[in-house]
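One-letter residues, chain by chain:
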Amino acid sequence: MKVLLDHNVPHRLRLDLAPLDVSTTHYMGWNNLDNGDLMAAAAQADFRVLITADRGVGFQQGLAAYSIGLVFLHIHPFTYPAIRPFAAAITEAAGYAAKGQQLSVFRA
């Protein structure tokens, strides 16, 4: 499954999300796209899920209009060492995120 990490998610996390096929907005050359253009580009490139820390993406962009799901990370502090222990939960959420659906991963 193709998954895209938003520019606000530490790129090193991609290595912890096996067996997902993970790319980053930076690698794709999309780190300067606004949310709407990013969602459209990701859907056009057949990404199934966008992983982001930007809680407003789904609400601002009318998520149902895109053939992509969202996984929101609500983990503080938002650093790689703090996020890494949640890699299995993020991978699982990505597997459940269907078109137009948004799921969240929280730090308890």
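Please refer to the structure placed before this passage.
In this text, all values refer to a predicted model and were calculated from it rather than measured experimentally.

### Digging into the overall build of the protein
Along the protein, the regular secondary structure elements total five helices and five strands. Moving toward the C terminus, one meets the helices and strands of the protein in the order β-β-α-α-β-α-β-α-α-β. For 108 residues, the compact-globule estimate of 2.2 N^0.38 gives 13 Å, and the C-alpha radius of gyration of the protein, at 12 Å, lies within 12% of that figure. By principal-axis analysis of the C-alpha atoms, the protein measures approximately 30 × 25 × 25 Å.

### Some details on the pattern of salt bridges
Tallying each qualifying case throughout the model produces one salt bridge. Residue Arg84 pairs with Asp16 through a salt bridge whose shortest N-O separation is 3.1 Å. With a gap of 68 residues between them, Arg84 in the loop between helix H4 (80-83) and helix H5 (87-96) and Asp16 in the loop between strand E1 (2-5) and strand E2 (21-24) connect regions that are remote in the sequence. According to the relative accessible area criterion, Asp16 is partly exposed, its value standing at 21%.

### Considerations on helix H2 (residues 35-44)
Burial runs high along H2: seven of the 10 residues are buried. Within H2, burial applies to Asn35, Gly36, Leu38, Met39, Ala41, Ala42 and Ala43.

### Observations concerning unusual backbone geometry
Residues apart from glycine generally show negative phi values, whereas peptide bonds are mostly found in trans. Geometrically, the link from Ala18 to Pro19 is a cis peptide bond, its omega value of 10° lying close to zero. Summarising the element assignment, Pro19 is placed in the loop between E1 and E2. Between His76 and Pro77 the backbone carries a cis peptide bond, its omega angle lying at 0°. In this structure, Pro77 sits in the loop between strand E4 (69-74) and H4.

### Focus: the nonpolar core
Core analysis: the biggest nonpolar cluster contains 22 residues, and Leu13, Leu17, Ile51, Val71, Leu73, Ile90 and Val105 have the highest contact counts within it. Every element with two or more residues in this core is listed here: E1, strand E3 (49-52), E4, H4 and H5. Here this core gets four residues from one element, more than from any other, and that element is H5. In contact with Leu13, not counting residues within four places along its chain, are Leu5, Leu73, Tyr80, Ile83, Arg84 and Ile90.

Calculation notes
Residues numbered from 1 in each chain as written. Predicted model: local features only at pLDDT ≥ 70, side-chain atom pairs only at ≥ 80, totals over all residues. Heavy atoms only, no water. Helix = DSSP H or I, 4+ residues; strand = E, 2+ residues; numbered from the N terminus. Rg over C-alpha atoms; globule rule 2.2 N^0.38 Å. Salt bridge = Lys/Arg side-chain N within 4 Å of Asp/Glu carboxyl O. Buried < 20%, exposed > 50% of the residue type's maximum accessible area, 1.4 Å probe, protein only. Core = buried A, V, L, I, M, F, W, Y, C linked by side-chain atoms within 4.5 Å. Contact = heavy atoms within 4.5 Å.

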